[in-house]
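# Architecture at a glance
The primary structure of each chain is shown beneath.
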Amino acid sequence: MIEVYFTPTPNGHKVSIMLAETGLPHQLLRMNVLDGDHLTPEFRRINPNGRLPAIVDHDPIGGGAPLPVFESGAILLYLAEKSGQLLPADPRRRSQAQQWLMWQMASFGPMQGQAHHFIRYAPEGQTYPVERYRNETVRLLHVLNGRLAEAEYLAGEYSVADIATWPWARAVRAIGLALEDYPAVQDWFGRIAARPGVIAGTSVENPANLSSARPVLNEEQWSNLFGRNMLNAPAR
Ligand SMILES: N[C@@H](CCC(=O)N[C@@H](CS)C(=O)NCC(=O)O)C(=O)O
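Residues numbered from 1 in each chain as written. Predicted model: local features only at pLDDT ≥ 70, side-chain atom pairs only at ≥ 80, totals over all residues. Heavy atoms only, no water.

What follows covers helix α3 (residues 72-83). Each α-helix turn comprises 3.6 residues. Residues three or four places apart therefore point the same way. Taking 1.5 Å per residue, 12 residues should reach 16 Å; α3 reaches 16 Å between its end C-alpha atoms and fits that length. Contacts made by the buried residues of α3 are with β1 (2-6), α1 (10-22), β3 (54-57), β4 (67-70), α4 (91-121) and α6 (160-170). (Helix = DSSP H or I, 4+ residues; strand = E, 2+ residues; numbered from the N terminus. Expected span 1.5 Å × (residues − 1). Contact = heavy atoms within 4.5 Å.)

Written as structure tokens, this is what we have:
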């Protein structure tokens with residue numbers, strides 16, 4: 001059994017989609033980041049970085065003690081290895097899947113995440129960071145569109161790279177961007193949205209950040225959501 005420390009965000013949905021696609025037995029444990037569930041000493045023994053998602057595999061590859069895995073990209077690779085699915089066997093495609101997975105983890109997720117932060121959460125009127133991160137997200141959408149204009153899926157076949165990228169493509173409308181402006185991305189997005197595993201993996205709970213509304217948070221919730229309280233919380 002795999003325990004999934006889950007919150008309904010693009011990073012959380014990568015894991016719920018992967019588990020629905022592969023059929024690996026699991027249990028979702030819903031974490032509330034506004035309450036600081038991810039900052040407790042217990043959770044930080046699973047993910048020292050105090051972020052979601054994370055998993056604990058009680059029947060890990062290779063046996064032995066339960067294995068905690070953090071960072072959504074590492075979780076996808078672990079589940080691909082465990083299930084023998086969604087990481088291409090062909091070495092060229094396998095490398096492409098790893099490259100686009102790293103691209104999502106290092107660029108498309110973090111840059112867009114900052115755009116969400118400055119557009120929807122930070123005090124209003126900060127034009128420089130809003131433009132910087134929205135423009136960078138636009139640039140990355142052009143990169144994605146270029147790849148998908150030449151290949152049906154990021155690695156030539158459906159893989160962990162698509163599962164990592166799709167929930168973040170879904171989130172761009174909350175920062176005022178439209179997939180219609182990127183036709184190859186839009187076609188790819190529709191193909192993936194129709195997959196039963198993706199429908200099951202995203203029906204778990206709607207992500208908070210698909211809406212462009214500005215959330216109203218009190219001081220404590222803000223500090224929990226953006227990790228500030230982690231500096232005050234004991235690590236162990
Ligand atoms: N690179 C990490 C990012 C994880 C991340 O930032 N998770 C968010 C939710 S999607 C979180 O835990 N936020 C709470 C906080 O920042 O304190 C991954 O892909 O797993």
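Let us look at the site of the ligand. The environment of the ligand is formed by 12 residues, the closest being H38, L52, E71, S72 and L225. Here an oxygen atom of the ligand sits 2.9 Å away from a polar atom, N or O, in the side chain of R51. One of the side-chain N or O atoms of E71 is found 2.7 Å from a nitrogen atom in the ligand. Among the residues forming the shell around the ligand, the class breakdown is four nonpolar, six polar and two charged. (Near = heavy atom within 4 Å. Polar contact = N/O pair within 3.5 Å; in protein donor to acceptor, adjacent residues only side chain to side chain. Nonpolar A, V, L, I, M, F, W, Y, C, P; charged D, E, K, R; others polar.)

A few words on the domain arrangement of the protein chain. Domain parsing of the protein chain yields domain 1 (2-85 + 203-231) and domain 2 (91-195). Summarising the inter-unit geometry, the C-alpha centres of domain 1 and domain 2 are found 20 Å apart. Contact residues are listed per partner, giving 26 residues for domain 1 and 23 residues for domain 2. Around 2,200 Å² of area is buried between domain 1 and domain 2 when both sides are counted, 65% of it from carbon and sulfur atoms. Counting the contacts that link domain 1 with domain 2 gives one salt bridge. Viewed at the interface, domain 2 and domain 1 are joined by four residue pairs in polar contact (both at pLDDT 80 or more). Of all the secondary-structure elements, those providing two or more residues to the side of domain 1 that touches domain 2 are α1, α3 and α9 (219-225). Residue contributions to the side of domain 1 that touches domain 2 peak at seven residues, all from α1. Looking at the side of domain 1 that touches domain 2, its residues break down into 15 nonpolar, seven polar and four charged. (Domains from an automatic or database assignment. Buried area = accessible area lost by both parts, 1.4 Å probe. Salt bridge = Lys/Arg side-chain N within 4 Å of Asp/Glu carboxyl O.)

For the rest of this paragraph, the subject is unusual backbone geometry. Cis peptide bonds are those with omega within 30 degrees of zero, and the linkage from L52 to P53 qualifies with 5°. Looking at where P53 falls in the secondary structure, it is placed in the loop between α2 (41-46) and β3. Here E71, not a glycine, exhibits a phi torsion of approximately 75°, which is positive. Secondary-structure assignment places E71 in the loop between β4 and α3. A relative accessible area of 36% means that E71 is categorised as partly exposed. Of note in the backbone geometry, L86 takes a positive phi value of approximately 70° without being a glycine. Topologically, L86 is positioned in the loop between α3 and α4. Judged by relative accessible area, which is 16%, L86 ranks as buried. (Buried < 20%, exposed > 50% of the residue type's maximum accessible area, 1.4 Å probe, protein only.)

The topology assignment puts T7 in the loop between β1 and α1. Each C-alpha atom of the pair T7 and R51 lies 9.9 Å from the other, and the pair is 44 residues apart in sequence. For T7, the contacting residues outside a window of four places in its chain are G12, R30, M31 and L52.

Across the 11 residues of α6, 11 count as buried, placing the element largely inside the fold. When α6 is considered as a whole, its buried residues turn out to be V160, A161, D162, I163, A164, T165, W166, P167, W168, A169 and R170. As for α6, its buried residues are in contact with α1, α3, α4, α5 (127-150), α7 (183-193) and α8 (196-202).

Turning our attention to the sheet that holds β3. The four strands are arranged β2-β1-β3-β4 in an open sheet whose pairing can be described as mixed. Each end of this open sheet is capped by a strand with a single partner; those strands are β2 (26-30) and β4. Strand-to-strand, the axes of this sheet are offset by a mean angle of 20°, without reference to chain direction. In terms of strand pairing, β3 meets β4 through four bridges, oriented antiparallel. Residue pairing in the sheet places I55 in a bridge with V69 of β4. (Pairing = 2+ DSSP bridges. Axes fitted to C-alpha atoms, helices over the stretch in contact; angles between N-to-C directions.)

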